Amino acid sequence: MTVMSEGGVDPHTGFSGGDWELVKDLVYTCQTQPPADLDDWLREHCPSETVRAEVARLVRASAESAGFMSQTAAEKHLGVQLRRPVRIGRYRVTDEIGSGGSGVVYAAWDETLNRKVALKVLRPEAAQNAELQKRLRWDARAASALQHPNIVVVHEVGSDGGADYVAMECIAGQTLARALKPGGMATREVLRCAIQICRGLEAAHAAGIVHRDLKPGNVMITQQGVVKLLDFGLAKNIDGGIDSKDAPQTVEGTFAGTVAYVSPEQAEAKAVDARSDIFSFGSVLFEMLTGRQAFPGISTVAVLADILHNHPPPPHTISADIDARFDEIIYRCLRKDRERRFQSIAEVRVRLQELEDQVLHPESHPQIAVPAARRQRWVMPAWAASLVAAAALAAGFTYLLLRNGPPVQPVSYALDRITADRGVSGYPALSPDASLLAYASDRETDGNLDLWLQHIHGGDARKLTVDPADDSEPAFSPDGTQITFRSERDGGGLYTVSTLGGDAHLLAPGGHEPRYSPDGRWIAYWTGTEGQTLMPGSAKIYVVSVISGVPEPFLPDFPACAHPVWSPNGKQIFFYGRGPDPKGKGTVISYWIASFPSTGVVKAIPLANYLLHHALNGLPGGTRAHPAAWLPDDIMLIPAGREDSKNVWAAKVLEDGTPQGEPWRITAGTAIEWHPSMVTTKGQSYLAYEATSANSEVWKLALDGSGHAAGKAEPLITGYTSAESSGLSLDGSRLVFSSRQQNHLIRHAIHAVDLNSGRRTIVNNIAPSAIPMPVLSGDGKTVAYMDGAVGYVIPVSGGTPQKVCNHCGASTHINYDGKYSLFDAANDPEQILLCSVGTSPKPLVELNSPRYTVQSGGRFSPDGRWVAFFDGNPKETAKTIFIAPFHPERLVTPAELIPVTEGKTLDVAPSWSADGRTMFYLSSRDGHRCIWAQALDNEKRRRGAPYPVYHFHRVGLVLGGAHSYPGTVGLSAGPNFLVFGITQSTSDVWLKTEKLPGR
């Protein structure tokens, strides 16, 4: 109620009753006026300057605070309750709690379920707009597909008497826009809210939904401090969580989002993916910290120009109260090139959680003083130089730190990005005096790696090797005059070249990972393949004398061994291998240590259990975390993963191989950080390492009638974290694949895609970290997959999985009607297992008794009469593809096998053409893993010579997923196309230099 003075004048406004009623009427009327016309409209309709000024103030105040939960100017400033409906559907309306340009939000009571809800209702004039109706339904469907504590819960979408509405949970709280303070929020409050926003976006992205309109007004904070994401009306579906046929034009069109928070690709009307939300999140995080927008242009055009071309200042330069460690996170979110951004919102969450841990427990994470960055070898804003210096490492890594554990005194360092080629650069190696850095790079090539050499204190890099084959894994001799490296030329091996240049000379055929002994007299290396289980004879360690050049087997009677690392004194070799079980029960895979020269005494060391206890696991391409170096003072460098981070770690390992104390992280970036090389000299510590960003996708290749490529391969399934291991129905209409989830409880999801309609669904979620390897029956109705070491089948429509085998390996195929499935064996003997619900698994083919063989990759023929697989001796690199007749009642004998390939090259992962007359497979016969094919006659015997279907000779574009197992390629054939997994990667070399205290 308005209280008037005795003279009829409001004591607060100075208005008479008549003037005040006029203000109310004018505010009601002019709220619909476009802002550009407001001043002219007010001058025309307001009788006095006083009334005009008050109406303008109230309307503009309302416009500035408008949003999803805002009130109208009349209700907020004039104290007048607007008329509202009594009932909508089954909901009794109790209050109006907000409004926007096209809709009103009411508080209501669900009389059926006895709960309070919020009703989002289109205004009558907006209800006639088909696009707005679509957006309302799309908002509801997108949100209802996402069951997560950080996303608003949608109960129902409906219509009543022409009023379209969405019923959702009623949230007691305020938007982030209203919670923001002029000077920004406190650090702990920022972290608490930002991490929850990340979790909500993770859930959306995991379901294939990109929000596209993340802003403070679409983030609610409850009274209990829980963050809820709102308004998915502009969300874009990339994974079938919702049907896209009803998508509004703002979703399927070009531009969407609130201008101050859109990504550069949105601003340029390009296709968006989850990384667009990451950019928007960076803008929101900047505003939470500083209280100001990251891109505060005075017009839409100015804002978009800033987003496309400029960077906001580092937050800590705006206020001394802002933690400088936020700078790197925001910079990585706001990169213009999305390939250089964080590649998943989970990466952002992990970085924020690490920072939160450092803020809440500073005694365990002393802050490091970071100087201005040294020279930068790439074009970037000046402020970004200091950001990058603060970016990759949150803890010191100096020799002194490694000796004593985490630092107790602040130290300073300089960080240089050595390469920036938009390609692949890695495998760095420092010379013993830390003056030179060698690395492999695909610059100036057609995709193959050459070695490059440069001085770390300046100057241009110099190309050291020139060969069409890949050259990598360089290692300096202790005197710095020679570099030994791995090359794929002439079948692969170790070569040596002078640091001054010249021709390279073969040192050891087949060698990998050369390691010089500390005295420089020996080089240790290994040959063979590690494979999945490091079977006996699959890998062997050698040492070669630098003087004689004659290789000698190290521990010749050891079943299998690889990845040698010298002890600091050169008297022992640490390695990974399959050796005799200390308990006398066959063989075991472990880390080992043996004296050099060998006395035959080998000791298993508990490093695997130590890493497992501290939640450290392997990196892409392998199943274990293999130590890279054993430094003085008993420090071992170990590239390893923890949760979603892949970094270089250090652990104290005594001379007898016993690990002690806690491991500690010595790099802390968000890329895959590995291949470390570390040297300490003249009071300085130097660490070079590779930072890799990799993404796995499913691609499609059209075929002509003869089984040859009919164009270029193109991406088919994108926007996921490690989409791989695809399977295809016989008619090519349905596809299944797996993707890695950024969730500690759900590590992988199995997706199904209708390739005709584009509709995508999630078949099942998998908890363990092992890739489920889904395969699809020919009729497209049943999926087989592995969960840990257990095999299952499940309807593609979802439901309860049925177990078909225990202690089995990867699922490789399932027949047309889903009755029989094929799995690799997990243990000896390594045979193909034929599995069916309700029966015990049994081998498909007899082992060839004269030699030990490994059978894998079984695939049913389209007519179900044959099974193709590959087989080989683990002591040999070559693998042969065979075809066997399918006899479910008995074993196939070796005499019945029909060879498809010659057994001279690595030929794996066979896949039948849809008509059963061509066998597609992966082969390394040209020195790269490529797709080849072999025509078959009616008896399934070779017809003509094998031919290449598609080549993959670029090191940054390879067939397969993050795992080395060939099954992750998921090579499958439809009627006129192939699908397969591709991993694209980029990497750079970084160098961190630190002056040692007291030196």
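For the structure, see preceding data.
These remarks concern the structure in this document. No experiment lies behind these values; they were computed from the predicted model shown.

1. Comments concerning the overall build of the protein chain
Move 1: Within the protein chain one finds 18 helices and 58 strands.
Move 2: Burial statistics for the protein chain: of 999 residues in total, 56% are counted as buried.
Move 3: In the protein chain, the share of contacts with a sequence separation of at least 24, taken over all contacts with a separation of at least 6, comes to 52%.
Move 4: Accessible surface for the protein chain amounts to roughly 40,400 Å². Of this, 51% is attributable to carbon and sulfur atoms.

2. Overview of the sheet that holds strand E52 (residues 907-912)
Move 1: Overall, antiparallel pairing links the 4 strands, which are arranged E52-E53-E54-E55 in an open sheet. Edge positions in the sheet fall to E52 and strand E55 (947-950), since each has one partner strand and no second. In this sheet, neighbouring strand axes are inclined to one another by 35° on average, regardless of whether the strands run parallel or antiparallel.
Move 2: Relative to strand E54 (residues 930-935), strand E53 (residues 918-923) runs antiparallel, the two being bridged by 6 bridges. Bridging from a neighbouring strand, Met919 pairs with Gln934 of E54.

3. What to know about the pattern of salt bridges
Side chains that differ in charge, positive against negative, can pair when their charged atoms come close.
Move 1: Under the criterion given, the structure shown has 27 salt bridges.
Move 2: Here Arg275 makes a salt bridge to Asp273, at a shortest N to O gap of 2.7 Å.
Move 3: Accessibility expressed as a relative area gives 12% for Arg275, which makes it buried.
Move 4: Three or more residues are tied together by salt bridges with common partners; here these are Glu328, Arg332, Arg351, Glu354 and Arg665.

4. With respect to helix H15 (residues 345-360)
Move 1: Look at H15: 22 Å from first C-alpha to last across 16 residues, which is about the 22 Å you get at 1.5 Å a residue.
Move 2: H15 sits mainly inside the fold: 12 of its 16 residues count as buried.
Move 3: When we look at burial in H15, the residues that qualify are Ile345, Ala346, Glu347, Val348, Arg349, Val350, Arg351, Leu352, Glu354, Leu355, Gln358 and Val359.

5. Looking at the side chain of Arg486
Move 1: With respect to the helices and strands, the residue Arg486 is situated in strand E18 (residues 482-487).
Move 2: Engagement of the side chain of Arg486 in a polar contact is seen with the side chain of Glu488, the distance being 2.9 Å.
Move 3: From its side chain, Arg486 meets the backbone oxygen of Gly511 in a polar contact 2.8 Å long.
Move 4: Once residues lying within four places of it in the same chain are set aside, the contact partners of Arg486 are Asp470, Asp471, Ser472, Glu473, Gly492, Gly493, Leu494, Gly510, Gly511 and His512.

6. What to know about empty space enclosed by the protein
Move 1: What the rule picks out here adds up to 6 cavities of 30 Å³ or more.
Move 2: In this model, the second largest cavity occupies a volume close to 220 Å³.
Move 3: Looking at the second largest cavity, it is lined by 18 residues, and the ones nearest its centre are Leu728, Leu730, His813, Phe860 and Pro862.
Move 4: Elements represented by at least two residues in the lining of the second largest cavity include exactly strand E44 (808-814), strand E48 (854-860), E52 and strand E57 (972-973).
Move 5: In the lining of the second largest cavity, the residues fall into 9 nonpolar, 8 polar and 1 charged.

7. Comments concerning the packing of aromatic side chains
Move 1: By the definition in use, this model includes 19 aromatic pairs.
Move 2: A connected cluster of aromatic rings, assembled from ring pairs, spans Trp522, Phe554, Phe558, Trp566, Phe575, Trp592 and Phe596.

8. A closer look at the pairing of strand E49 (residues 866-872)
Move 1: Burial analysis of E49 places 7 of its 7 residues in the buried class, which makes it a mostly covered element.
Move 2: Of the two faces of E49, both are covered, the one formed by Trp866, Ala868, Phe870 and Gly872 as well as the one formed by Val867, Phe869 and Asp871.
Move 3: One ladder, built from 5 bridges, connects E48 with E49; its direction is antiparallel. Each residue of the ladder has a partner; that of Arg859, found in E49, is Ala868.
Move 4: Where E48 hands over to E49, the hairpin turn is made up of 5 residues, of which Gly864 adopts a positive phi near 75°.
Move 5: Bridge count between E49 and strand E50 (residues 880-885): 6 bridges; the pairing is antiparallel. Directly across from Ala868, in E50, lies its bridge partner Ile883.

9. Brief notes about the side chain of His813
Move 1: Structurally, His813 can be placed in strand E44.
Move 2: Judged by relative accessible area, His813 falls into the buried class, the value being 12%.
Move 3: Reaching out from His813, the side chain makes a polar contact with the backbone nitrogen of Phe860 at a distance of 2.8 Å.
Move 4: Setting aside residues up to four positions removed in sequence, His813 forms contacts with Val775, Leu776, Ser821, Leu822, Gly858, Arg859 and Phe860.

The rules behind the values
- Residues numbered from 1 in each chain as written.
- Predicted model: local features only at pLDDT ≥ 70, side-chain atom pairs only at ≥ 80, totals over all residues.
- Heavy atoms only, no water.
- Helix = DSSP H or I, 4+ residues; strand = E, 2+ residues; numbered from the N terminus.
- Buried < 20%, exposed > 50% of the residue type's maximum accessible area, 1.4 Å probe, protein only.
- Contact = heavy atoms within 4.5 Å.
- Areas by Shrake-Rupley, 256 points an atom, 1.4 Å probe, with all protein chains shown as cover.
- Pairing = 2+ DSSP bridges.
- Axes fitted to C-alpha atoms, helices over the stretch in contact; angles between N-to-C directions.
- Salt bridge = Lys/Arg side-chain N within 4 Å of Asp/Glu carboxyl O.
- Expected span 1.5 Å × (residues − 1).
- Polar contact = N/O pair within 3.5 Å; in protein donor to acceptor, adjacent residues only side chain to side chain.
- 1 Å grid on protein atoms, 1.4 Å probe; cavity = no way out; pocket = protein on both sides within 12 Å on 5 of 7 lines; lining within 4 Å.
- Points joined across faces, edges and corners; volume = space filled by probe spheres on them.
- Nonpolar A, V, L, I, M, F, W, Y, C, P; charged D, E, K, R; others polar.
- Phe/Tyr/Trp six-rings, centres within 6.5 Å; stacked < 30°, edge-to-face > 60°.

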